[in-house]
Amino acid sequence: MTEKYTALYDEHKKLGASFTDFGGWQMPLKYKSELAEHHAVRNAAGLFDLSHMGEVWVTGPDAAAFLDYALVGKISAMAVGKAKYSLICNEDGGIIDDLITYRRPAAEDGNDVFLVVPNAGNAAVVAAALAERAAGFDVQVVDASAATSLIAVQGPRAQELLLRLVPAAQHPLVTELKYYAAVEVPLLVGGAGQDLLLARTGYTGEDGFEIFVGNSDAAALWQALLAIAEEGELTPAGLASRDSLRLEAGMPLYGNELSLHGDPFSAGLGPVVALSKEGDFVGKAALAAKKEAGAGTTSGRRLVGLKGLGRRAGRSHYPVLKDGNVVGEVTSGQPSPTLGYPIAMAYVDVAFTAIGTTLDIDLRGKAEPFEVVDLPFYIRSR
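Because the structure is predicted, anything quoted here is derived from the model rather than measured.

Within the structure shown, the criterion is met by 12 salt bridges. The partner of Glu11 in a salt bridge is Lys14, with the nearest N and O atoms 3.3 Å apart. Highlighted residues: Glu11 and Lys14, both in helix 1 (residues 9-14), separated by three residues, approximately one helical turn. By relative accessible area, which is 10% here, Glu11 ends up buried. A relative accessible area of 62% places Lys14 in the exposed class. Here Arg246 makes a salt bridge to Glu257, at a shortest N to O gap of 3.0 Å. Placement of the pair is Arg246 in helix 8 (residues 239-248) and Glu257 in the loop between helix 8 and helix 9 (284-292), with a sequence separation of 11 residues.

Another aspect to go through is unusual backbone geometry. Here the bond from Leu375 into Pro376 is cis, since omega is 0°, no more than 30 degrees from zero. Along the chain, the position of Pro376 falls in the segment after strand 20 (366-373). Positive phi values are uncommon outside glycine, yet Asp323 reaches one of about 55°. Positionally, Asp323 belongs in the loop between strand 16 (319-322) and strand 17 (325-335).

Glancing now at the nonpolar core. Formed by 33 residues in total, the largest nonpolar core has its most connected members in Leu187, Leu221 and Leu225. When residues of this core are traced back to their parent elements, those giving at least two are strand 10 (148-154), helix 5 (158-163), strand 11 (182-189), strand 12 (192-199), strand 13 (208-214) and helix 7 (215-228). Ranked by residue count, the leading element in this core is helix 7, at six residues. Formed by 21 residues, the second largest nonpolar core is a distinct cluster that contains Val58, Met78, Val116 and Val126.

Attention now moves to the side chain of Glu248. As for its position among the elements, Glu248 is in helix 8. Among the residues examined, Glu248 registers a relative accessible area of 0% and is labelled buried.

Moving on, we come to the UniProt feature "binding site: substrate" (unreviewed entry) in the protein chain. In the numbering used here, UniProt assigns the feature "binding site: substrate" (unreviewed entry) to Glu210. Looking at where Glu210 falls in the secondary structure, it is placed in strand 13. A relative accessible area of 9% means that Glu210 is categorised as buried. When sequence neighbours within four positions are dropped, the list of residues in contact with Glu210 reads Leu50, Tyr102, Leu150, Ile151, Ala152, Gln154, Leu197, Leu198, Ala199, Thr201 and Gly202.

Attention now moves to the domain arrangement of the protein chain. Segmentation of the protein chain into domains returns domain 1 (8-53 + 147-247) and domain 2 (251-373). For domain 1 versus domain 2, the separation of C-alpha centres amounts to 30 Å. Counting residues at the interface gives 13 residues for domain 1, matched by 12 residues for domain 2. Of the roughly 1000 Å² buried between domain 1 and domain 2 on both sides combined, carbon and sulfur atoms contribute 61%. The largest contributions to the domain 1 side of the interface with domain 2 come from Tyr203, Arg246 and Leu247, which together make up 57% of the buried area. At the level of secondary structure, the elements contributing two or more residues to the side of domain 1 that touches domain 2 comprise helix 2 (34-43) and helix 8. For the side of domain 1 that touches domain 2, the per-class residue count stands at four nonpolar, six polar and three charged.

Procedures and definitions
- Residues numbered from 1 in each chain as written.
- Predicted model: local features only at pLDDT ≥ 70, side-chain atom pairs only at ≥ 80, totals over all residues.
- Heavy atoms only, no water.
- Salt bridge = Lys/Arg side-chain N within 4 Å of Asp/Glu carboxyl O.
- Helix = DSSP H or I, 4+ residues; strand = E, 2+ residues; numbered from the N terminus.
- Buried < 20%, exposed > 50% of the residue type's maximum accessible area, 1.4 Å probe, protein only.
- Core = buried A, V, L, I, M, F, W, Y, C linked by side-chain atoms within 4.5 Å.
- UniProt positions renumbered as here; feature names shortened; annotations may be inferred.
- Contact = heavy atoms within 4.5 Å.
- Domains from an automatic or database assignment.
- Buried area = accessible area lost by both parts, 1.4 Å probe.
- Nonpolar A, V, L, I, M, F, W, Y, C, P; charged D, E, K, R; others polar.

As structure tokens, this is what we get:
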């Protein structure tokens, strides 16, 4: 597989980043200390390159109806300017990817406009699936991933920092932007202002923003954000801290908590599936059958949070035990930098998923005690 590089690769090299492969992309794993980067996001703000994510534009008279058919959520019910978390499933109800869809203002011709953002490793697969499912609908599906960069500012000081790049008259566009919403905002970059799509979304459990920008302007925006921050206000952060942050926030990662072999109900994402929406959608019959069979409620396994009662952490694929018998498997796990104890997410037989249930994780032959707890592990103070 040919290695792929974001438009910010040289910026990461200048900052001394250590790189890792993620979905075929060479991405910064960390710059100096992943622990310091984690705490920076929790206490101030972190700067992330998310340009490996996909961006697929869906436009046309049938855009809303098409996305209702292609995805499991009721996308047509979204208001302009809002965003919605959803899933794209196959006919068997397996999860191809989880994604966010943004509804943008209608085009000049009156047609609806949506931006679908899939995960890095699945971007091409999702774009292809959407193009295939578009047959019979009056829509255009355009994969703009290769031309688009995505930069995130996450943390309690994110808004304060971003306002330094926004003309004062447009500050309300930022301060009044709700969670899971997006707006075009003029950002002062390189001495001039240009409208960029700003979304109040993120994957860290903190307040924050994600900014969509063309590749040619990505480096200037990255540099401008670092330049307006005082010492300690904004820290470049890599995938290692992004993973520990999202785990504390109880957010699933495709390939860990979500896969083609799983289903939304077992993953705790049943509310995302709009079985009651009018018309058919891909996977509807299979998903209805899974729900009827009690997937994740009375049968099979369900995704739960596990709090370590000792000091050792469980890792992905480690067995979960009850009285020495295997009753589940860890999907993600590590020590929590914020909370100070080990945490994990795991699929566990539904009989052992009640809050407070004590279980063990098999840490290479030694049983380590854990307790089932509510997700998320961490909730930011408002």
